[in-house]
Amino acid sequence: MRALVTGGAGFIGSHLCEFLLKNGWQVVCLDNFITGRPSNVSQLQNNPGFMFTEQDAIKRVDVSGSVDYVFHLASPASPVDYLTFPVQTLEAGAMGTRNALELAKDKKAVLLLASTSEVYGDPLVHPQKEEYWGNVNPVGLRSVYDEAKRFAEALTTEYGRSQGVSIRIARIFNTFGTRMRLNDGRVVPNFIYQALNNEPITVYGDGSQTRSFCYVDDLVQGLYKLALSDFREPVNLGNPVEMSVLNFAKLIIKITGSRSEIIYRPLPADDPRQRQPDITKAKNILQWEPKIGIEDGLARTIAWFKMHMKPGGAGPLTKESVIEALRDVTDPELGISVVDLELIKDVEIQKQEKGELVKIKMTLTTPNCPLLGYMVQSVKERIEGIPGVVSADVELIF
Ligand code: UDP
C-alpha cells in the first residue's frame, strides 16, 4: 500500500507516517512546515519506504506514482496556531481539502479527512454523538478552524456522493503525546512545560471546562482502522474519559512532582465548556477504543518533553547563547553545523510580554536550495526549544 499523508510532519501526521511504515506501507509525507517540523520526520528519512515532499496543500497536492490512501491532515490545529494563521487555516480546510480530494479522485485512492470535535463547537449535547450538528459561532474567533473543518466535511462528503471518491471522516478529539510543540499553546504542552520549570500553571477561566484526552498512539490506531473500514460517515475518535481543566492541572503537578502553583487567566472567547466523545460507533464499527490511560500517556509525554527542553546555554539568553544552541543544527547534505558554515549573520533578541522573540538573519548561498524550508524550520525549532523563547523569526538574505 502507498499512502500520502498531508501534514505528515505535524504532531499526529508524523506518528501516522511512522505507524504506516512499521506496517509495511510506503509513505509520501507532504508538509509546508507552517506548523509541522522537520525533526518530527527526520528519523524516517533513511527508511526506503519514506519520501518527503515540501508542498503547500493550499496551492497544490502533486504526487507522482500510485497512491492508495490519502490521509488529509494538513491544517494548523491548535487554537494558538489557527489564530496566528487564520486565513491559511480557512484555506487549508477549503483549497487544501479540494486539492487532496482531486488527487484522491485522479489516483482512485481512499481519502480520510482529519476532522475535529470542533465541528460540535460549544456543544449543547453531552457527550457528543456523530448525529449532533453542533453549536458553532460562525463569526467567532475559533470559526476559522471550526467552519473550515465543517466545510471540509461537506466538501469531502460531496466528493463521496458525486465524484466517486471513497471517503472517510475522522472527528478527532483532544489528542496528546510526544512531538507536540512546546509552544503550540495547547493545554498539554503548556502545563507540562510550566510544571517542569516550577512556573505557575495558567488555568484559563475557573478550570471547570472539561476535555477528554487521547494518547496519540491510540488515535493513530483509530485512523488506520477507519481508513481500512468501508464506513463513509463521520466517526468520533477520542478518549471518553472526561476531566476538568483544573483537575488536569492538578494531575500534571502530581505526576511531575512540581512545586508550581495554579494561577487563573481569562477564558478565551468561545472556549467550549464541555467536550467528551461518544465513541459507540468507533467501538462497534471499527472495534476500536483507546487502551492507553491518561497517566500512562502523560508519563510518556513528560519523559519526552524532559529530553527535548534543551537549554540555550548557561545564564540569560544572549546572542552568543543563541549561536551556541544553533551548533546542533546541521545542513543535512553536508553534515556541517549552520554556525560553522557561517550562515548565521545576525541575531537580535527582543523582550516581549510572554518571553523573548529572537530574530535571526541567515544567508543561504543558493536561493533555490531544495532544503530551504527544512533548514529555516530547523533553525526556528531549535531556537523555540530554548526555555523563555516564545518565537523565532528567520529572515533570509541571499
Ligand atoms: N487551557 C488552559 N490553560 C492553558 C491552555 C489551555 O486552561 O495554558 C484550557 C483552554 O482554555 C481549554 C482547554 O484548556 O479550555 C483545552 O485547550 P487546548 O488549547 O488544548 O485545546 P481546545 O480543546 O480548546 O481546542
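Residues numbered from 1 in each chain as written. Predicted model: local features only at pLDDT ≥ 70, side-chain atom pairs only at ≥ 80, totals over all residues.

The protein carries the name NAD-dependent dehydratase in an unreviewed UniProt entry. The UniProt entry for the protein carries the following comment under Cofactor (unreviewed entry): "NAD(+)". (UniProt positions renumbered as here; feature names shortened; annotations may be inferred.)

*Asks:* Explanation requested: the overall build of the protein in the structure shown.
*Replies:* From N to C terminus, the protein includes twelve helices and 16 strands. For the protein, whose C-alpha radius of gyration is 21 Å, the value lies close to the compact-globule estimate of 21 Å for 398 residues. Overall, the protein is about 55 × 50 × 40 Å in size when its C-alpha atoms are taken along their principal axes. A buried classification covers 45% of the 398 residues belonging to the protein. (Helix = DSSP H or I, 4+ residues; strand = E, 2+ residues; numbered from the N terminus. Rg over C-alpha atoms; globule rule 2.2 N^0.38 Å. Buried ≥ 20, exposed ≤ 12 C-beta atoms within 10 Å, placed from the backbone.)

*Asks:* Looking at this structure, I do not really get the environment of Glu381. What am I missing?
*Replies:* On the secondary structure map, Glu381 appears in helix H12 (residues 372-384). A tally of 19 C-beta atoms within 10 Å means that Glu381 is categorised as partly exposed. Spatially, the C-alpha atoms of Glu381 and Leu326 are 10.0 Å apart, while their sequence positions differ by 55 residues. With near-sequence residues (within four places) excluded, Glu381 lies in contact with Arg37 and Ser39. (Contact = placed C-beta atoms within 7 Å.)

*Asks:* Mind showing me how you'd approach the packing of helix H6 (residues 187-196) against helix H10 (residues 294-308) here?
*Replies:* For any two helices packed against each other, the geometry is given by the interaxial angle and the distance between the axes. Taken N-terminus to C-terminus, the directions of H6 and H10 make an angle of 65°; their axes are 11 Å apart at the nearest point. Helix-helix and strand crossings are classified by hand; for H6 and H10 the assignment is right-handed. Where H6 abuts H10, its residues Val188, Ile192, Tyr193 and Leu196 lie against Thr301, Ile302, Phe305 and Lys306. The residue inventory of the contact of H6 with H10, partitioned by class, reads six nonpolar, one polar and one charged. (Axes fitted to C-alpha atoms, helices over the stretch in contact; angles between N-to-C directions. Left-handed = near helix turned anticlockwise from the far one by under 90°. Nonpolar A, V, L, I, M, F, W, Y, C, P; charged D, E, K, R; others polar.)

*Asks:* What am I meant to see in the sheet that holds strand E6 (residues 166-172) here?
*Replies:* Hydrogen bonding along the main chain pairs the strands of a sheet, whether they run parallel or antiparallel. Taking strand neighbours across the sheet as the criterion, the seven strands line up as E3-E2-E1-E4-E5-E6-E11 in an open arrangement whose pairing is parallel. If you trace the sheet from one side to the other, it starts and ends with strand E3 (50-54) and strand E11 (234-237), each paired once. The mean angle between the axes of side-by-side strands here comes to 20°, regardless of whether they run parallel or antiparallel. In this sheet, strand E5 (residues 110-116) lies alongside strand E4 (residues 69-72) in parallel orientation, the contact comprising four bridges. Following the sheet pairing, Tyr69 is matched in E5 by Val110. Helix H4 (residues 86-107) contacts strand E1 (2-6), E4 and E5 of the sheet and is inclined by roughly 175° relative to E4. (Pairing = 2+ DSSP bridges.)

*Asks:* Is there a simple way to explain the site of the ligand in this structure?
*Replies:* The environment of the ligand is made up of 15 residues, and the closest members are Arg186, Val187, Asn190, Thr202 and Tyr204. Those elements that provide at least two residues to the shell around the ligand are H6 and strand E8 (201-204). Per-element accounting of the shell around the ligand gives the leading share, three residues, to E8. Here the residues of the shell around the ligand are counted per class, giving seven nonpolar, five polar and three charged. (Near = placed C-beta within 6 Å.)

*Asks:* Looking at this structure, how should I read the environment of Glu348?
*Replies:* Locating Glu348 in the fold gives a position in strand E14 (residues 344-351). Since 13 C-beta atoms lie within 10 Å of it, Glu348 is described here as partly exposed. C-alpha separation for the pair Glu348 and Gln209, spaced 139 residues apart in sequence, amounts to 40 Å.

*Asks:* Looking at this model, I keep getting lost on the sheet that holds E14. Mind explaining?
*Replies:* Ordered by their spatial adjacency, three strands build an open sheet running E14-E15-E16, and the pairing between neighbours is mixed. Among the strands making up the open sheet, the edge pair consists of E14 and strand E16 (389-397). Each adjacent strand pair in this sheet contributes to an overall mean axis angle of 15°, direction not counted. With seven bridges joining them, E14 and strand E15 (residues 356-363) adopt antiparallel strand pairing. By the bridge assignment, Ile349 is partnered in E15 with Val358. Packed on one face of the sheet, H12 meets E15 and E16 and runs near 155° to E16.

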